[in-house]
Every structure is written in structure tokens, then in C-alpha cells.
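# Notes for the structure review
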Protein chains: 2
Amino acid sequence: MPESSSSFSAESYFATQPPPPGLEHDIEGVKEFVRRQQEEGRNVVLVTSGGTTVPLELNVVRFLDNFSAGTRGATSAEYFLKAGYAVLFMHRQFSLQPFSRHYSHSTNPFLDFLEIEPGVEERSSFTASGAGSEGSQICVTLDKRKTLLEVLTIYKAVHAAGTLHTLTFVTVNDYLWLLRAVSQELSVMKRKAMYYLAAAVSDFFLPRQKMSEHKIQSGKGSLHIEMDQVPKILKPMVDNWTGKDGFVVSFKLETDPALLIPKAETSLQRYGHQVVIGNDLNRRKFEVVFISWKDALPSSSIDMADSSSSFAESWLRIDPHDHNKEIEEDIVAELVKRHEMWIAGGTTSTKS
Amino acid sequence: MPESSSSFSAESYFATQPPPPGLEHDIEGVKEFVRRQQEEGRNVVLVTSGGTTVPLELNVVRFLDNFSAGTRGATSAEYFLKAGYAVLFMHRQFSLQPFSRHYSHSTNPFLDFLEIEPGVEERSSFTASGAGSEGSQICVTLDKRKTLLEVLTIYKAVHAAGTLHTLTFVTVNDYLWLLRAVSQELSVMKRKAMYYLAAAVSDFFLPRQKMSEHKIQSGKGSLHIEMDQVPKILKPMVDNWTGKDGFVVSFKLETDPALLIPKAETSLQRYGHQVVIGNDLNRRKFEVVFISWKDALPSSSIDMADSSSSFAESWLRIDPHDHNKEIEEDIVAELVKRHEMWIAGGTTSTKS
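Because the structure is predicted, anything quoted here is derived from the model rather than measured.

## Overview of the packing of helix H3 (residues 71-82) of chain A against helix H9 (residues 327-344) of chain A
Residues and elements named next belong to chain A.
- Packing of H3 against H9 leaves a shortest axis separation of 9 Å and a crossing angle of 55 degrees. Judged by the angle between their axes, H3 and H9 are oblique. Here the hand of the crossing between H3 and H9 comes out right-handed. Across from Thr71, Arg72, Thr75, Ser76, Tyr79 and Phe80 in H3, the residues of H9 making contact are Ile327, Glu328, Glu329, Ile331, Val332, Leu335 and Val336.
- Its residues assigned to classes, the contact of H3 with H9 shows seven nonpolar, three polar and three charged.

Following this line, the structure appears as C-alpha cells:
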């Protein structure tokens with residue numbers, strides 16, 4: 001077998017890897033959603049969330065996955081919605097979603113907070129058919145009612161206003177094709193579009209040409225997997241797909257704290273977008289750092305005015321022991337402010 | 001770095017890989033559960049379900065996973081419970097569970113079938129504090145009520161009877177340590193214990209000594225992963241951990257139909273347990289094959305009495321278009337029958 005190049009450009013990627021089957025249908029829905037938000041005058045944020053997979057076989061038995069419950073993305077989406085944004089929520093199938101995240105992945109499935117109430121004739125409005133006339137109701141237990149009421153109320157409001165549109169991906173291939181298509185649709189919103197790229201995207205993948213059709217058999221001693229690098233799509237995303245006007249926020253997750261700032265700065269330098277949010281795997285729930293272009297911010301908001309650096313570094317921390325506080329509330333508040341400035345056009349916040 | 005042997009025995013595995021932190025606590029719970037079931041005279045089945053992971057780094061960013069929603073295990077557990085068994089449900093964290101499986105991984109999170117009913121004074125029993133006196137109730141919508149009532153009723157009955165005990169694993173390491181310890185606890189039940197091994201267990205893993213501490217950096221061209229074989233634990237399980245009296249059922253999943261029967265027969269021959277259930281990835285929801293020892297079954301129930309083979313091959317099929325039928329109902333009914341025969345001791349169904 002000829003040795004393939006170990007790095008695909010974005011162009012050669014899309015030329016050689018097939019699009020996911022549901023793509024056209026997904027994009028129809030996005031087009032309609034974006035059109036409506038434009039009409040209603042909202043800002044829109046694309047939130048990506050959860051990990052992507054790399055299947056090892058065409059008949060998928062095994063796959064490489066990226067560790068991500070989707071907490072960052074799902075939580076942030078909730079705060080963006082509360083801030084009046086319309087949200088395109090593009091997440092890994094079965095990972096956390098806004099609102100249901102409070103209940104979906106707990107040790108006590110929701111069945112534990114439902115109780116059966118035997119029917120009372122004058123209570124329900126009965127129909128001639130079915131369950132109503134039996135009278136039994138299934139209702140939430142008293143101890144769960146208050147907090148669920150808060151979540152359910154805003155969930156229904158969002159549903160009624162039509163400000164949340166959900167898309168799913170599983171593989172890194174699904175993700176790349178969807179990200180490109182969705183960004184192209186969103187680019188009509190120009191500066192009013194934000195791209196909040198919180199998904200944990202595979203760095204390596206198996207090109208279709210290298211995948212085995214059937215389950216790799218385990219009788220043969222050790223297993224060797226050789227994978228190619230996933231193309232860096234931030235470049236075409238910033239330069240082409242978002243139409244150069246979108247407010248692009250990417251994330252850097254590191255396990256070695258010494259690498260965090262250097263890698264975040266390198267990323268911003270290389271791709272020329274607006275913000276890199278750096279987080280240390282073990283501290284991410286209470287501490288993040290915003291790396292952005294120094295000349296994009298009012299001088300008062302810059303932590304470290306190192307005159308030799310083009311970058312502004314702004315740390316955001318909350319009390320790790322405060323269980324009622326989520327750091328995403330502050331992350332989103334800060335980004336909403338910066339996005340407003342971006343929309344107002346009062347900044348030169350793209351690398352020239 | 002010295003080249004490690006590419007295959008660990010079960011013994012060398014447990015001698016070199018550390019146990020998961022929660023193990024002792026998990027086993028206390030299992031001990032108590034098993035003791036109670038013995039007292040109450042039930043049969044007990046250990047159902048394993050979902051895929052195991054192989055983390056690539058000690059600070060987990062990436063991992064290899066096995067494709068498995070947990071449908072087979074979670075559905076079978078429900079039918080075992082309905083058949084009067086006590087069930088030890090050992091599943092991949094966040095994978096499907098009995099009962100909640102009907103709702104947990106759907107496109108419509110459960111929030112979609114709850115509605116807020118403004119309070120009526122005389123209806124609820126109020127307490128001086130909180131939600132009750134506000135009067136709002138949160139109840140299930142009419143159209144979802146009937147089917148949810150069925151599921152919820154049996155869920156509560158199982159909960160009240162205490163016949164379902166749940167354990168979770170994530171990594172293949174968690175799984176192996178837990179399987180060994182749980183089997184050893186269950187072995188006191190002798191013939192009344194069944195082991196239904198439906199989990200999708202990793203064939204390959206990275207020994208702790210080969211794992212990198214930090215996130216493997218993606219700047220370096222292609223990624224090479226070299227993995228060792230996971231020891232075949234069916235052998236010590238059948239020979240030692242289950243005390244030789246347990247009724248052990250394993251699964252074989254293949255993507256190439258030509259390999260299915262040969263591999264299932266090889267497995268039964270090699271480990272000498274009671275049943276191998278073979279399934280083709282693409283047909284598993286409506287077709288499985290039971291491979292067992294010919295002399296363990298009444299001659300009337302054998303599909304293919306090939307006098308030269310020690311094996312009996314019994315196909316179980318349902319109508320793929322019948323959406324109200326689950327094949328696990330028939331799988332469990334067949335196994336309950338065979339287990340009863342095993343308990344009665346009227347068979348010589350272990351390889352001599």
C-alpha cells in the first residue's frame with residue numbers, strides 16, 4: 001500500500017472524505033433558523049460541544065474518542081440564551097445539552113423523581129379515549145419540584161421563542177463537514193455571528209482509504225494504529241467560511257500548565273481570530289485565561305500590559321467551593337461584552 | 001524502553017495494573033445484595049453491559065472505546081427482572097439502563113414531556129415551606145402518560161423489592177477488576193448464579209507503564225499507538241472466579257458473517273462454559289445464534305444434530321419489522337429455561 005502523506009490540507013480533506021448522509025437536511029434547517037433570527041434582529045452564536053470520534057473500522061466496532069461530557073458547551077449555551085442570543089447548538093450525540101444537562105447524566109435517572117398519583121374524577125380534563133379517563137397522573141415529587149420548575153420554565157420559553165436549534169455529530173468527519181456548512185450559512189449575519197468552538201476535536205484520524213472494512217481481529221499479538229493529522233480548520237474557517245466578519249472564539253485544553261499560554265498565543269497568532277480561551281484540564285471548572293489582541297480591548301481591561309507582546313492575557317476565576325456558581329456565566333458575560341464591541345466595529349481586532 | 005511482552009496473563013495483569021479507587025466500596029454493596037437474594041431464595045444474574053475504554057494518557061484526553069449503546073444488556077436486564085431474577089447490572093457509566101432506556105437517549109429529552117400545571121388550592125397537600133404552597137405541579141403530558149405509566153410502575157416495583165443493584169465501570173481496567181471481584185462474591189450462590197456477559201470489552205489496552213502522563217501533542221506528524229492484548233479472562237472466570245458452578249453466557253460480535261459460528265465454537269471449546277451467543281453486527285436486533293454443548297440439551301431442542309460435532313447450534317429470530325417485539329425477550333426466556341435445567345443438575349454441560 002502506498003504511503004499517504006501524513007497531513008491533509010482542509011482542501012484535500014474535503015476532496016477525499018465523503019460527507020455525512022444527513023448533511024443537506026441539516027443545512028436546510030440551519031438556513032431557515034438563521035433567516036428567522038436575522039428577521040427578528042438577534043445575535044447568533046454557534047456553540048460546538050462534546051468530543052468527536054475516529055472510527056477504526058467501516059463496520060464500526062472500535063473508535064478513538066476525545067474526553068468531553070460537553071459541560072462547557074451545554075452550560076455556555078444556556079447563558080447565551082439567557083443573554084438574548086439565538087443559539088445553534090452543534091453537539092456530540094448524547095452529550096450534555098442546555099437545560100436537560102441538570103438531569104440527564106446523573107446517577108438517579110429522572111424516573112426517580114416521578115410519582116404516580118391515582119386519579120380524582122373532577123381533577124383532570126378527560127377525553128373519551130385513553131389515559132385521561134383512568135385518572136392516574138404522573139407528577140414530579142415535591143422535593144424536586146422547585147428547581148425543576150426554574151429549568152422547565154426557561155426551557156419552554158426558549159422553545160416557544162425558537163431561539164435554540166440543535167444539531168448532532170459523532171465522527172470527526174461529521175463534525176468537519178457540518179462546521180464548514182453551518183459557518184457558511186451563518187456568515188450572512190456578518191459581525192452579529194459568534195463562533196464558540198468548545199468541542200473536543202480529534203487531532204488525528206484514519207482516512208477512509210486506511211480503514212479496514214471488518215472488525216480488526218485480536219488474535220494477532222499487539223495492535224498498531226497509525227493515524228494522520230486532522231487538518232487545522234481554524235484557518236479556512238477564519239479566512240473563508242465565516243466571511244471574515246464573524247467573532248471567533250476557540251479553546252485550548254492542556255494538561256501541562258507550562259504549555260497553556262504559549263500554545264494559546266501561538267494559535268491566535270497563526271489563525272488571526274478574536275479570542276483563545278485557555279484551560280488546564282484540572283482547573284477548568286474554576287479558572288480560564290482569555291488570550292486576545294491587545295489593541296482590541298480598552299486598556300483598562302488588560303491584566304498584563306506587556307508592551308513587547310501583541311497579546312492581552314486576562315484571567316477569569318471563580319471560587320472553586322461555591323457550588324451555586326458556574327464559570328460559564330462569567331465567560332459568556334465577558335464574551336457578550338466583547339462581541340458588542342466587535343459589532344459596533346470600534347476595534348481592529350483581526351491580525352492585519 | 002524495554003519491549004514488554006505483548007500478552008499479559010490474567011495473573012500478570014492483576015499483579016501490574018492498579019485496582020480502581022471505588023472497588024472496595026462497590027464490593028461491600030454487592031456482598032450485601034447477594035446475601036439478601038440468597039435469603040429471599042432468588043436466582044441472581046450478573047449482566048454486564050456497554051463498552052469499555054482504554055485511556056491513552058494518565059491525564060485522560062483521548063481514549064479508545066468500543067461501540068455499544070448497552071441496548072442488549074439493558075433490555076435483557078429488564079426481562080430477567082420480569083422473570084423474577086435479581087439482577088446485578090454492571091454497566092458502562094452513562095450507557096443505557098433498564099427502564100430509563102426507553103427515554104434517556106432519545107432526541108426529545110424528558111423535559112419535552114413535562115408540563116406545568118398552575119396550582120389549585122384544594123389539590124395538593126401543602127407544607128408550610130416551599131413549592132407545595134405555590135401550587136404549581138409538574139406533570140407528564142397526556143400523550144406520554146400511558147406508556148410511561150407501564151414503565152414507571154414496574155420500575156417502582158423493582159425498586160421496592162430491591163432486586164436490581166447497579167454498578168458502573170468506564171475503563172477496561174475498572175471492568176476487569178470489578179468482574180473478578182463481583183464474580184467471586186456471586187460464587188456463593190453456586191448454580192443459582194448466571195453470568196450474562198454482554199459488555200463490549202476492549203481486546204487491546206495500554207499498560208500503565210506505557211501510558212504518557214500528559215496529553216500526546218499533535219504537532220509531530222502521524223500518531224502511532226501500539227497496544228497490548230487484554231488477557232482472556234473467560235478462562236479464570238470459568239475455572240476460578242465463579243467457583244465452577246455458575247451458568248456462564250458470553251457473546252461474540254462479528255462483522256463478517258463467515259466468522260461467526262467458527263469463532264463462537266472456538267470460544268466455547270476453549271473456555272468450557274455454558275453458552276456463547278453469536279451475533280452479526282448488522283443483524284443483531286432480530287437474529288442471534290446460541291452455541292452450546294450438545295449433551296446439555298434435550299435432543300428435541302437442537303436445530304442441527306450434526307453427530308460429528310460436540311456443539312449444538314440454535315438460531316433465534318424475530319420479525320425485523322415488528323416494532324413491539326424485542327429479541328431479548330426470547331433470549332432471556334430461553335436462558336431462563338436452560339438455567340433451570342442447570343440448577344436442577346440434570347446436565348453434564350461443562351466440558352469434561
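## Topic: the side chain of B:Thr48
Residues and elements named next belong to chain B.
- Checked against the element boundaries, Thr48 lands in strand S1 (residues 44-49).
- Of the polar contacts made by the side chain of Thr48, one reaches the backbone nitrogen of Ala198; its length is 3.1 Å.
- Thr48 has contacts with Met90, Tyr175, Leu179, Tyr196, Leu197, Ala198 and Ala199, leaving out every residue within four places of it along the chain.

## Thoughts on the pattern of salt bridges
- Scanning the entire structure with this criterion turns up 40 salt bridges over all chains.
- Here A:Arg72 makes a salt bridge to A:Glu328, at a shortest N to O gap of 2.9 Å. Separated by 256 residues along the polypeptide, A:Arg72 in helix H3 and A:Glu328 in helix H9 bring together distant segments of the chain.
- Take A:Arg72: its relative accessible area is 12%, and that puts it in the buried class.
- You can call A:Glu328 buried: its relative accessible area is 6%.
- Note that B:Glu78 is salt-bridged to B:Lys82, the shortest N-O span being 3.9 Å. One end of the pair, B:Glu78, and the other, B:Lys82, are both in helix H3 (residues 71-82), four residues apart, so they sit about a helical turn from each other.
- Overall, the relative accessible area of 3% leaves B:Glu78 in the buried class.

## Digging into the relation of the copies chain A and chain B
- If you rotate chain A by 180 degrees and push it 0.0 Å along the axis, it lands on chain B with an RMSD of 0.0 Å. Here the copies are linked by what is in effect a two-fold axis.
- When the interface residues of chain A are mapped onto chain B, 100% of them again fall at the interface, so both copies present the same face.

## Describing the sheet that holds strand S12 (residues 275-280) of chain A
Residues and elements named next belong to chain A.
- Overall, mixed pairing links the eight strands, which are arranged S7-S4-S1-S8-S11-S12-S13-S14 in an open sheet. With one partner strand each, in any of the chains shown, strand S7 (164-169) and strand S14 (311-317) form the two edges of the open sheet. Taking the axes of each pair of neighbouring strands and ignoring which way they run, one obtains an average angle of 15 degrees across the sheet.
- With four bridges connecting them, strand S8 (residues 193-197) and strand S11 (residues 247-254) associate as parallel partners. If you follow Tyr195 over to S11, its bridge partner there is Val248.

## Observations concerning the environment of B:Glu287
All names here are of chain B.
- Along the chain, Glu287 falls in strand S13 (residues 287-293).
- The buried category is assigned to Glu287, whose relative accessible area is 11%.
- The spacing of Glu287 and Asp319 is 32 residues in sequence and 9.0 Å in space, taken between C-alpha atoms.
- If we ignore the near neighbours within four places in the chain, the residues touching Glu287 are Asn279, Trp315, Leu316, Arg317 and Ile327.
- A polar contact is formed between the side chain of Glu287 and the side chain of Arg283, at a distance of 2.8 Å.
- Here the side chain of Glu287 touches Arg317 through a polar contact of 2.8 Å, side chain to side chain.

## Description of the side chain of A:Glu78
Residues and elements named next belong to chain A.
- Within the structure, Glu78 has its side chain in polar contact with the backbone nitrogen of Phe99 (distance 2.9 Å).
- At 3.1 Å, the side chain of Glu78 forms a polar contact with the side chain of His102.
- When near neighbours in sequence (up to four residues on either side) are disregarded, Glu78 contacts Pro98, Phe99, Arg101 and His102.

## Points about the nonpolar core
- Membership of the largest hydrophobic core comes to 96 residues, with the highest contact counts inside it found for A:Leu88, A:Met227, B:Leu88 and B:Met227.
- When sequence neighbours within four positions are dropped, the list of residues in contact with A:Met227 reads A:Val54, A:Leu56, A:Leu64, A:Phe204, A:Phe205, A:Leu206, B:Ser222, B:Leu223 and B:Ile225.

## Things to note about the state of the cysteines
- Tallied over the entire structure, the rule returns one disulfide over all chains.
- Between the sulfur atoms of A:Cys139 and its disulfide mate B:Cys139 the distance is 2.1 Å. Taking the sign of the S-S torsion, about 100 degrees here, the bridge from A:Cys139 to B:Cys139 comes out right-handed. Within this pair, whereas A:Cys139 is found in strand S6 (residues 137-140), its partner B:Cys139 is found in strand S6 (residues 137-140), the two belonging to separate chains. Across the pair, exposure class does not vary: A:Cys139 and B:Cys139 are buried alike.

## A short note on the packing of helix H2 (residues 23-39) of chain B against helix H6 (residues 172-186) of chain B
All names here are of chain B.
- Packing of H2 against H6 leaves a shortest axis separation of 10 Å and a crossing angle of 25 degrees. It follows that H2 is roughly parallel to H6 by the angle criterion. Considering how the two elements wind past one another, H2 and H6 form a crossing that is right-handed. In this structure, H2 contributes Leu23, Asp26, Ile27, Val30, Lys31 and Val34 to the contact, and H6 contributes Trp177, Leu178, Ala181, Val182, Glu185 and Leu186.

What counts, and where the lines are drawn
- Residues numbered from 1 in each chain as written.
- Chains lettered and ligands numbered in written order.
- Predicted model: local features only at pLDDT ≥ 70, side-chain atom pairs only at ≥ 80, totals over all residues.
- Heavy atoms only, no water.
- Axes fitted to C-alpha atoms, helices over the stretch in contact; angles between N-to-C directions.
- Helix = DSSP H or I, 4+ residues; strand = E, 2+ residues; numbered from the N terminus.
- Parallel < 35°, antiparallel > 145°, perpendicular 65-115°, else oblique.
- Left-handed = near helix turned anticlockwise from the far one by under 90°.
- Contact = heavy atoms within 4.5 Å.
- Nonpolar A, V, L, I, M, F, W, Y, C, P; charged D, E, K, R; others polar.
- Polar contact = N/O pair within 3.5 Å; in protein donor to acceptor, adjacent residues only side chain to side chain.
- Salt bridge = Lys/Arg side-chain N within 4 Å of Asp/Glu carboxyl O.
- Buried < 20%, exposed > 50% of the residue type's maximum accessible area, 1.4 Å probe, protein only.
- Least-squares fit on C-alpha atoms with pLDDT ≥ 70 in both.
- Pairing = 2+ DSSP bridges.
- Core = buried A, V, L, I, M, F, W, Y, C linked by side-chain atoms within 4.5 Å.
- Disulfide = S-S within 2.5 Å.

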